[in-house]
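# Examining the three-dimensional arrangement
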Amino acid sequence: MAKQKKHPSGTIALNKKALHDYFIEHKFEAGLALSGWEVKSLRAGKAQLVDSYVLLKDDEAWLMGCHITPLTTASTHVYADPTRTRKLLLNKRELEKLFGSVQQKGYTCVALSLYWKQHLVKCEIALAKGKKDFDKRHTEKERDADREVQRAMRTKGKGSDE
């Protein structure tokens with residue numbers, strides 16, 4: 001029996017845009033209700049979380065906008081909808097916290113990443129607050145300044161070794 005390739009890190013997909021557009025307040029780990037073809041596609045790394053968000057209604061959480069591309073070798077008798085709404089599996093306490101916080105002004109719930117945890121697919125979701133344009137510029141300036149400091153430390157370290 002052939003061994004299956006393991007992902008070096010368990011990460012399947014990241015939503016970098018969410019980190020750029022929102023201040024992350026609190027993170028949650030949620031399971032995903034998936035069908036068989038979706039799991040096979042995720043093992044092949046064919047998922048995108050760009051513009052995905054979490055819809056909270058009827059005491060349940062749903063992942064909207066997540067695109068899982070069907071494999072060409074998928075079964076022909078199953079209609080594979082790549083952008084279907086997928087249910088997020090959270091416990092009651094976590095759902096209550098999310099519902100209470102989202103009803104406050106300015107809070108939203110976004111998906112940050114999809115990853116493997118042992119043999120299960122998990123989705124990291126976050127309670128987030130939107131950034132204004134000046135906040136995004138400030139974050140970018142801080143990142144650039146940190147990069148310059150790291151670069152200076154590296155060049156200083158190389159010169160003293162010789």
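Per an unreviewed UniProt entry, the protein chain carries the name SsrA-binding protein and comes from Aquipseudomonas alcaligenes. A UniProt comment under Subcellular location (unreviewed entry) is attached to the protein chain, and it reads "Cytoplasm". UniProt, in the comment section headed Sequence similarities (unreviewed entry), describes the protein chain in these words: "Belongs to the SmpB family."

Further remarks concern the confidence of the model for the protein chain. Across the protein chain, pLDDT averages 82, with 90% of residues at or above 70. Segment residues 1-7: pLDDT under 50, and four contacts once partners within four positions in sequence are set aside and those in other chains are kept.

On to helix α2 (residues 36-43). By the burial criterion, the buried members of α2 are W37, E38, S41 and L42. In a view along the axis of α2, the buried residues occupy a sector of 140 degrees, so they form one face of it. In α2, the exposed residues that point more than 90 degrees away from the buried face are G36 and K40. At its buried positions, α2 is contacted by β1 (11-14), β3 (47-48), β6 (67-68), β7 (86-89), β8 (107-117) and β9 (120-130). Directly after α2, the chain includes G45, whose backbone phi takes a positive value near 80 degrees.

Right, let's get into the pairing of β7. Of the two faces of β7, only one is covered, namely that formed by R86 and L88; the face formed by K87 and L89 stays uncovered. Inspection of the sheet shows strand β2 (residues 22-32) paired to β7 by two bridges, in the antiparallel sense. Residue L32 lies in a different strand from β7, and its bridge partner there is L88. Sheet analysis places strand β5 (residues 60-64) next to β7, joined by three bridges and oriented antiparallel. Looking at β7, one finds that A61 is bridged to L88.

The topology assignment puts K122 in strand β9. The contact partners of K122, leaving out residues within four places of it in the chain, are E29, A30, G31, S113, L114, Y115 and K117.

Locating L127 in the fold gives a position in strand β9. L127 sits in the buried class, given a relative accessible area of 4%. Not counting chain neighbours up to four residues away, the residues in contact with L127 comprise F23, I24, E25, H26, L98, S101, V102, Y107 and T108.

Another aspect to go through is the nonpolar core. For soluble globular proteins, the rule of thumb is that nonpolar side chains tend to be buried together. Ranked by size, the top nonpolar core spans 29 residues in total, and within it L42, L88, L90, L98, L114, C123 and I125 carry the most contacts. Counting only elements with at least two residues in this core, the list comes to β1, β2, α2, β4 (53-57), β5, α3 (92-102), β8 and β9. Those residues within four positions of C123 in sequence are excluded, and the remaining contacts are F28, E29, A30, L32, L63, L88, A111, S113, L114 and Y115. Counting five residues, the second-largest nonpolar core is a separate cluster that includes A18, V110, L112 and A126.

Turning our eyes to something else, we now look at the pairing of β5. By the bridge criterion, five bridges tie β4 to β5 in an arrangement that is antiparallel. Bridge pairing in β5 places L56 opposite A61. From the end of β4 to the start of β5, which pair antiparallel, there are two residues, and D58 there has a positive phi angle of about 55 degrees.

How each quantity is defined
- Residues numbered from 1 in each chain as written.
- Predicted model: local features only at pLDDT ≥ 70, side-chain atom pairs only at ≥ 80, totals over all residues.
- Heavy atoms only, no water.
- UniProt positions renumbered as here; feature names shortened; annotations may be inferred.
- pLDDT = per-residue confidence, 0-100.
- Contact = heavy atoms within 4.5 Å.
- Buried < 20%, exposed > 50% of the residue type's maximum accessible area, 1.4 Å probe, protein only.
- Helix = DSSP H or I, 4+ residues; strand = E, 2+ residues; numbered from the N terminus.
- Arc of directions from axis to C-beta.
- Pairing = 2+ DSSP bridges.
- Core = buried A, V, L, I, M, F, W, Y, C linked by side-chain atoms within 4.5 Å.

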